[in-house]
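# Structural characterization, general
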Amino acid sequence: MTLHIPFDNTYAGLGSGFYSKQAPEPVSSPRMLAFNRDLAQVLGITPGDLPEMAQVFGGNRVPEGADPLAQLYAGHQFGTFNPQLGDGRAVLLGEVIGTDGIRRDIQLKGSGRTPYSRRGDGRAWMGPVLREYVVSEAMHALGIPTTRALAAVETGDSVWREAAMPGAVLTRVAASHLRVGTFQIFAARRETAALKRLTQYAIDRHYPGAKGPMGLLRAVRDAQARLVAQWMSVGFIHGVMNTDNCTISGETIDYGPCAFMDIYNPSQVFSSIDRMGRYAYDNQPGIVVWNLAQLATALIQQMDDPQEGVEEATEIVHAMPGVIEREWLSRFAAKIGITTPKEGDMALIEDLLDRMAAGQADFTNTFRALAGEAARGQFLDPGAFDSWATTWRQRIASEEDPEGLMRQVNPAFIPRNHRMEEMIAAAVSGDLAPFERLMDVLVHPYEDQPEHRNLQNPPRPQEVVPATFCGT
Ligand code: AMP
Ligand code: MG
């Protein structure tokens, strides 16, 4: 069979101010590491044979209908505005409309230098590529909006990080790659006409019901509020929530230094470059509000009456913590078996979380075990759980099927960091079996899979991965 991708491109039509046309740079000897057949089917892509797909998804052959380009954007990185970023090591091949009617971007990441590479080499190595492949697909299986992974290709070239590492290219699929930073660059440059075009494009593509810039702001607020609540509910720490990594669609993007927590610690940070803890677990809800404020600031620049814009935007942004709290409460209530939260439930959940932190309980395993009898064993002092559980059992006595609900929302399997490191080490030495096993298990995160029980275990002390790196 011959690979066929039914491209239908619109971003290229926005005009040359939005991107630079840029073909991927060829690689030495591309070899497929992984191809996501289920996703290809959703996208309406006909797979080809492996050598042909390696040529295309490795960047050596631009497929028919593609119109490769590097997108322009800016962004606040750790709170500091960088007026020009852009795809420094990625190209958008184009868009397809899936069998579900949804338009999605197909992007190669690690595909070589672009006009926006600055001092970077435009490349990625196999570790972060496989990491993103596994974690983004695990997120999708958890039911959390995310970019997805269509293919991973080994390039046959070395990439220099701290040492020479095997290069790789990821094919990333996204509802779009529009970010807060895409709006910021045109606002910062006072290019009002471009900002207006972009705003209309974003509305048409993601929120056709939204009215004007403030309608868009409100829709992004609600999508980002839902997203951060979902991250919190599975113990996910994004790690680099810069405004260029914050999507308009509300999908999780950019799996650089991210990680899922093992032991519950609300101030947990993994990223080695996050020295101030800006993107710590419990700071994430505050940061999405901060990021939305940056989007508001950018959007206002196109309003005819800026004063009116400021007032409406302020009201929308100020309401966001309340929206996040409601999203958070409904998800955490479900995690303890409550369908509709009521007065007092917030305190009940917070009390459990405080005891989990004090008792060094594993986040995932504690919630999963609530549906059985094993949760108390997760705590250093099981009595601390017992005294909470007395009140809790009284509260859920009136719920219809708390056990069923809890098993639906509390995953058994998450991509634990130590397993990811183990998978990467094996892949670098040519063994993809751990990668394939993780993929098999993580696509069914809510099912008990007794034969894979050891993937539920938290790391032993010598296996703990203390930090993750942006050196992607
Ligand atoms: P990130 O932290 O991955 O979101 O990247 C921030 C910016 O740095 C984006 O503009 C990336 O395209 C760029 N970048 C990251 N890594 C590289 C690289 N190896 N070569 C060129 N640009 C890069
Ligand atoms: Mg990024």
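By convention here, each chain's residues receive numbers from 1 onward along its written sequence. Whichever chain is written first becomes A and whichever ligand is written first becomes 1, with later ones labelled in order. Per-residue local features of the predicted model are confined to residues with pLDDT of at least 70, and side-chain atom pairs are confined, for both listing and counting, to 80 or more; whole-chain, interface and lining totals are unaffected and use all residues. The side-chain values count all of the structure's non-hydrogen atoms but skip hydrogen atoms and water molecules.

## Some remarks on the overall build of the protein
In terms of regular secondary structure, the protein is built from 15 helices and 12 strands. By the compact-globule yardstick of 23 Å for 472 residues, the protein fits well, its C-alpha radius of gyration being 22 Å. Principal axes of the C-alpha set define a box for the protein whose edges measure 65 × 60 × 40 Å. Think of it in three bands: residues with accessible area under 20% of the maximum for their type are buried, residues over 50% are exposed, and the middle band is partly exposed, with areas taken using a 1.4 Å probe on protein chains only. Sorting the 472 residues of the protein into buried and exposed places 60% on the buried side. Here, two residues are considered to be in contact whenever any of their heavy atoms come within 4.5 Å of each other. The long-range share in the protein, meaning contacts at least 24 apart out of those at least 6 apart in sequence, stands at 72%. Positive charge is attributed to Lys and Arg, negative charge to Asp and Glu, and no charge count is given to His or to the chain ends. Every charge is mapped onto a representative atom, which is NZ of Lys, CZ of Arg, CG of Asp or CD of Glu. Taking the average place of the 43 positive charges on the side chains of the protein and the average place of its 56 negative ones, the gap between the two points comes to 3 Å. Each helix is a run of DSSP H or I of at least 4 residues and each strand a run of E of at least 2, with the numbering of both proceeding from the N terminus. Our radius of gyration is a C-alpha quantity, and the globule rule it is checked against amounts to 2.2 Å times the number of residues to the power 0.38.

## Quick word on the packing of aromatic side chains
Only the six-membered ring of Trp is used, alongside the rings of Phe and Tyr, when aromatic pairs are assigned; centres must lie within 6.5 Å, and planes under 30 degrees apart are stacked while those over 60 apart are edge-to-face, with the rest tilted. According to the stated counting rule, one finds 20 aromatic pairs in the structure shown. Considering the side-chain rings of Tyr 11 and Phe 18, the 6.4 Å spacing of their centres and the 85° angle between planes classify their relative orientation as edge-to-face. Accessibility assignment for this pair places Tyr 11 and Phe 18 in one class, buried. Through a chain of ring-to-ring contacts, the aromatic side chains of Tyr 264, Tyr 281, Trp 328, Phe 332, Phe 363 and Phe 367 assemble into a single cluster. The residue whose ring lies beneath Arg 278 is Trp 290, and the NZ or CZ to ring-centre distance is 4.6 Å. Here, a charge over a ring means that NZ of Lys or CZ of Arg falls within 6 Å of the ring centre while also lying within 35 degrees of the ring normal. One cation-aromatic arrangement involves Lys 335 over Phe 367; the distance from NZ or CZ to the ring centre is 4.6 Å.

## Some thoughts on the coordination of the magnesium ion (ligand 2)
Here a donor is an N, O or S atom found within 2.8 Å of the metal, or within 3.2 Å if the metal is Na, K or Ca; sites may look incomplete because water is not among the atoms. Looking at the metal site, the magnesium ion (ligand 2) is ligated by Asn 245 (OD1) and Asp 254 (OD), spaced 1.9 to 2.2 Å from it. Accessibility expressed as a relative area gives 10% for Asn 245, which makes it buried. The class for Asp 254 is buried, based on a relative accessible area of 17%.

## Overview of the packing of helix H6 (residues 212-233) against helix H9 (residues 320-335)
How two helices pack is summed up by the angle between their axes together with the distance between the axes. Helix axes use the C-alpha atoms of the stretch in contact, all axes being lines fitted to C-alpha atoms, and the angles between their N-to-C directions lie in the range 0 to 180 degrees. Where H6 contacts H9, the two axes come as close as 8 Å, and the packing angle between them is 35°. Judged by the sense of rotation from one axis to the other, the crossing of H6 with H9 is right-handed. Contact with H6, carried on its side by Arg 221, Asp 222, Gln 224, Ala 225, Arg 226, Val 228, Ala 229, Gln 230, Met 232 and Ser 233, involves Met 320, Val 323, Ile 324, Glu 327, Trp 328, Arg 331, Phe 332 and Lys 335 of H9 and no other residues of that element. Ten residues, namely Ala, Val, Leu, Ile, Met, Phe, Trp, Tyr, Cys and Pro, are considered nonpolar, four, namely Asp, Glu, Lys and Arg, are considered charged, and the remaining ones, Gly among them, are considered polar. In terms of residue class, the contact of H6 with H9 is built from 9 nonpolar, 3 polar and 6 charged. Helix crossings are classified by the rotation of the near helix relative to the far one: an anticlockwise turn of less than a right angle makes the crossing left-handed, while a clockwise turn makes it right-handed.

## With respect to the pairing of strand S9 (residues 148-160)
For two strands to be treated as a pair, DSSP must find at least two bridges joining them. Bridging between strand S2 (residues 31-35) and S9 involves 4 bridges; their strand directions are antiparallel. In the strand pairing of S9, Phe 35 is matched with Ala 151. The sheet contact formed by S9 and strand S10 (residues 164-174) spans 9 bridges and is antiparallel. What sits directly across from Trp 160, in S10, is Ala 164. Hairpin connection of S9 to S10: 3 residues between the antiparallel strands.

## Some words on the domain arrangement of the protein
The domain boundaries assigned to the protein delineate domain 1 (11-174) and domain 2 (330-409). Summarising the inter-unit geometry, the C-alpha centres of domain 1 and domain 2 are found 40 Å apart. Domain boundaries shown here were taken from an automatic or database domain assignment.

## Overview of unusual backbone geometry
For Arg 190, which is not glycine, the phi torsion reads 60° and is therefore positive. Following the sequence through the fold, Arg 190 ends up in the loop between helix H4 (180-188) and helix H5 (192-206). The phi torsion at Asp 254 lies on the positive side, around 75°, for a residue other than glycine. Its place among the elements puts Asp 254 in the loop between strand S11 (236-237) and strand S12 (259-260).

## Observations regarding empty space enclosed by the protein
Definitions used for this entry: grid spacing 1 Å over protein atoms alone; cavity, a set of points where a 1.4 Å probe fits but cannot get out; pocket, an open set with protein on both sides within 12 Å along at least 5 of 7 lines; lining residue, one with an atom within 4 Å of a point. Grid points are joined across faces, edges and corners, and a volume is the space filled by probe spheres set on the points. As enumerated under the stated definition, the model contains 5 cavities of 30 Å³ or more in all. In this structure, the largest cavity occupies an estimated 70 Å³ of space. Contributing elements (two or more residues each) for the lining of the largest cavity: H6 and helix H7 (284-300). Sorting elements by how many residues they give to the lining of the largest cavity places H6 first, with 3 residues. Tallied by class, the residues present in the lining of the largest cavity amount to 6 nonpolar, 6 polar and 1 charged. Size it by volume and the second largest cavity reaches roughly 40 Å³. If you go around the second largest cavity, the residues you meet are Arg 131, Val 135, Cys 258, Ala 259, Phe 260, Pro 415, Asn 417 and Met 420.

## Structural notes on the site of ligand 1
The local shell around ligand 1 holds 17 residues, among which Gly 86, Gly 88, Arg 118, Asp 121 and Gly 122 are the closest. Polar contacts here mean pairs of N or O atoms no more than 3.5 Å apart (in protein, one a potential hydrogen donor and the other a potential acceptor; neighbouring residues in sequence count only if both atoms are side-chain atoms). Arg 89 places a side-chain nitrogen or oxygen 3.2 Å from a nitrogen atom of ligand 1. Within the side chain of Asp 121, an N or O atom sits 2.9 Å from a nitrogen atom of ligand 1. A total of 490 Å² of accessible area belongs to ligand 1 in isolation, and the protein chains cover 83% of it. The nearness test applies per residue and asks whether one of its heavy atoms lies within 4 Å of the molecule or strand. Calculation of accessible area relied on Shrake-Rupley with a 1.4 Å probe; when residues are assessed, cover is drawn exclusively from the protein chains displayed.

## Thoughts on the nonpolar core
Grouped together as the largest cluster of nonpolar side chains are 94 residues, with contacts concentrated most on Phe 183 and Ile 248. For this core, the element with the highest residue contribution is H6, accounting for 10 residues. Excluding its chain neighbours within four sequence positions, the residues that come into contact with Phe 183 are Leu 195, Leu 198, Thr 199, Ala 202, Leu 216, Ile 248, Leu 295, Ala 298 and Leu 299. If you look at the next biggest cluster of nonpolar residues, it comprises 34 residues, including Met 261, Phe 367, Ala 375 and Phe 385. The nonpolar core is taken to be a set of buried Ala, Val, Leu, Ile, Met, Phe, Trp, Tyr and Cys residues, with the residues joined through side-chain atoms within 4.5 Å.

## A short note on a negative patch on the surface
A surface patch of negative charge is lined by Asp 304, Asp 305, Glu 308 and Glu 311. Classification of Asp 305 by relative accessible area gives partly exposed; the value is 37%. Distance thresholds for patches are 9 Å for like charges and 5 Å for nonpolar side chains (Val, Leu, Ile, Met, Phe, Trp, Tyr), applied to residues having over 30% relative accessible area and no salt bridge. For salt bridges, the criterion is a side-chain nitrogen of Lys or Arg within 4 Å of an Asp or Glu carboxyl oxygen.

## Notes on the side chain of Asp 345
Along the chain, Asp 345 falls in helix H10 (residues 345-358). Here Lys 342 takes part through its backbone nitrogen, which lies 2.7 Å from a polar atom of the side chain of Asp 345. Other than its neighbours up to four places away in sequence, Asp 345 contacts Leu 329, Ile 338, Thr 340 and Arg 395.

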